[in-house]
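Given next are the chains, with one letter for each unit.
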Amino acid sequence: MAQVCSDAPRSGGKTLNTNENAFGLLRDSSGSIPYPDELRARLAADGYLYLKDFFPREDVLKVREGILDRLRKQDLILPSSDPLDAHANPERRTVFMPELAANNLALERLIYGPRVMAFYDELLDGPALHYDFTWFRPIGPGPGTAPHCDLVYMGRGTRQVFTMWVPYGDVSLNLGGLMVLEESHRKTELLRNYLSRDVDSYCENRPDAEKAQTSDSLLWDGKLAKDPVNLRTKLGGRWLTADFQAGDMVTFSMTLVHASLDNQTDQIRLSSDSRYQLATEAVDDRWVGRQPAGHSRAGKRGRIC
């Protein structure tokens, strides 16, 4: 069968099957931006919207330059290389650094500015709000994010929350961008037990309750599976991704299974996740306010098991 790529993309250390029935490209919906009804229909059908050139490329690269300047000052980029190339310091791997979003006006203007909020107002057919916590990831060489759904991390309010994934630079398959499992948002009944869980929930009536209550980290990592190859075989569909460019974005629902490709280069891949919902619906209070609780002990919730 025909292959989408020739470079043997990997995820979680596993080489993905790139046959056309197992691997493919995201559908570009950027031409539908002027037509909200069409976008809503595509979001319902696919579980995601891939919007090429949504942002001005120069605005994205400005954010990239500022982030890489911070990484350079922390000795996370090789001093002998051009910082804008983001060649990683091989002695210090980076994965998740939400602090890179703090006091970052260029980033805030990009992902929470009028253009983005107007887009979600139209998409959600009402006034939208964004979470105050920004997930920022400078992903160094190595394995990508394991398959999961966002609901288990932020499901205490409405389920109608949408993630916006933005790459800060061009992201080839080898650099390791986002991938989504085709039509997995339609498998909620099959994934019911998984989707009913909460990474910050613990059993009050068990011996380790006090330890869980005072934890400042995840009580469960939220992974749906470690092996994306076996998961695709079980759930069906194809892993979908793209050669992303600076200016692209992908938005998707909380029940869409997604992961990322491994970074098989010597560079750092920069991306952010931000979240949006209708302002009139219930909000998960772990992610809003001046200092969101997140997965700290303040975000833990006990229940009787």
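Residues numbered from 1 in each chain as written. Predicted model: local features only at pLDDT ≥ 70, side-chain atom pairs only at ≥ 80, totals over all residues. Heavy atoms only, no water.

(A) Molecular detail of the sheet that holds strand β3 (residues 23-25). Pairing is mixed in the open sheet, where 4 strands are placed in the order β3-β10-β8-β12. At either end of the open sheet lies a strand with only one pairing partner, and these are β3 and β12 (258-260). Neighbour-to-neighbour, the strand axes of the sheet open up by a mean angle of 30°, direction not taken into account. (Pairing = 2+ DSSP bridges. Helix = DSSP H or I, 4+ residues; strand = E, 2+ residues; numbered from the N terminus. Axes fitted to C-alpha atoms, helices over the stretch in contact; angles between N-to-C directions.)

(B) Region of the structure containing the pattern of salt bridges. For the structure on display, the rule yields 20 salt bridges. Across the pair Glu 182 and Arg 238 runs a salt bridge, and its minimum N-O distance is 2.9 Å. Here the residue Glu 182 occupies a position in the loop between β8 (178-181) and α5 (192-195), and Arg 238 occupies one in the loop between α7 (228-235) and β10 (239-241), the gap between them amounting to 56 residues. Given the relative accessible area of 25%, Arg 238 is considered partly exposed. The structure contains a network of salt bridges with shared partners spanning Arg 156, Asp 198, Asp 200, Asp 284, Arg 286 and Lys 300. (Salt bridge = Lys/Arg side-chain N within 4 Å of Asp/Glu carboxyl O. Buried < 20%, exposed > 50% of the residue type's maximum accessible area, 1.4 Å probe, protein only.)

(C) Expanded view of the state of the cysteines. Going through the model one piece at a time under the given rule, you end up with 1 disulfide. Paired through a disulfide, Cys 203 and Cys 305 show a sulfur-sulfur distance of 1.8 Å. The S-S bond linking Cys 203 to Cys 305 shows a torsion near -90°; that makes this disulfide left-handed. You can see Cys 203 sitting in strand β9 (residues 201-203) and its partner Cys 305 sitting in the segment after β14 (301-303), a full 102 residues away along the chain. (Disulfide = S-S within 2.5 Å.)

(D) Representation of helix α3 (residues 105-112) within the structure. The complete set of buried residues in α3 reads Leu 107, Leu 110, Ile 111 and Tyr 112. Buried residues of α3, seen end-on, are gathered within an arc of 160° and therefore sit on one face of the element. Looking at α3, the residues exposed on the side facing more than 90 degrees away from the buried face are Leu 105 and Arg 109. Those residues of α3 that are buried lie in contact with α2 (57-73), α4 (114-124), β5 (128-130), β6 (135-139), β7 (162-167) and β13 (269-278). (Arc of directions from axis to C-beta. Contact = heavy atoms within 4.5 Å.)

(E) Broad picture of the pairing of strand β4 (residues 48-51). Both faces of β4 are covered, namely the face carrying Tyr 48 and Tyr 50 and the face carrying Leu 49 and Leu 51. The pairing of β4 with strand β11 (residues 249-253) spans 4 bridges and is classified as antiparallel. Among the inter-strand pairings, Tyr 50 is bridged to a residue of β11, identified as Val 250.

(F) Main features of the nonpolar core. Core analysis: the biggest nonpolar cluster contains 40 residues, and Leu 71, Tyr 120 and Tyr 168 have the highest contact counts within it. Of all the secondary structure elements, the ones that give two or more residues to this core are α1 (36-46), β4, α2, α3, α4, β7 and β13. Ignoring sequence-local partners within four residues, the contact set of Leu 71 consists of Leu 76, Ile 77, Met 97, Leu 100, Pro 138, Ile 268 and Leu 270. Core analysis: the next-biggest nonpolar cluster, separate from the first, contains 28 residues, Met 154, Leu 173, Tyr 194 and Trp 287 among them. (Core = buried A, V, L, I, M, F, W, Y, C linked by side-chain atoms within 4.5 Å.)

So far we have only geometry, and geometry alone does not tell us how the molecule works.
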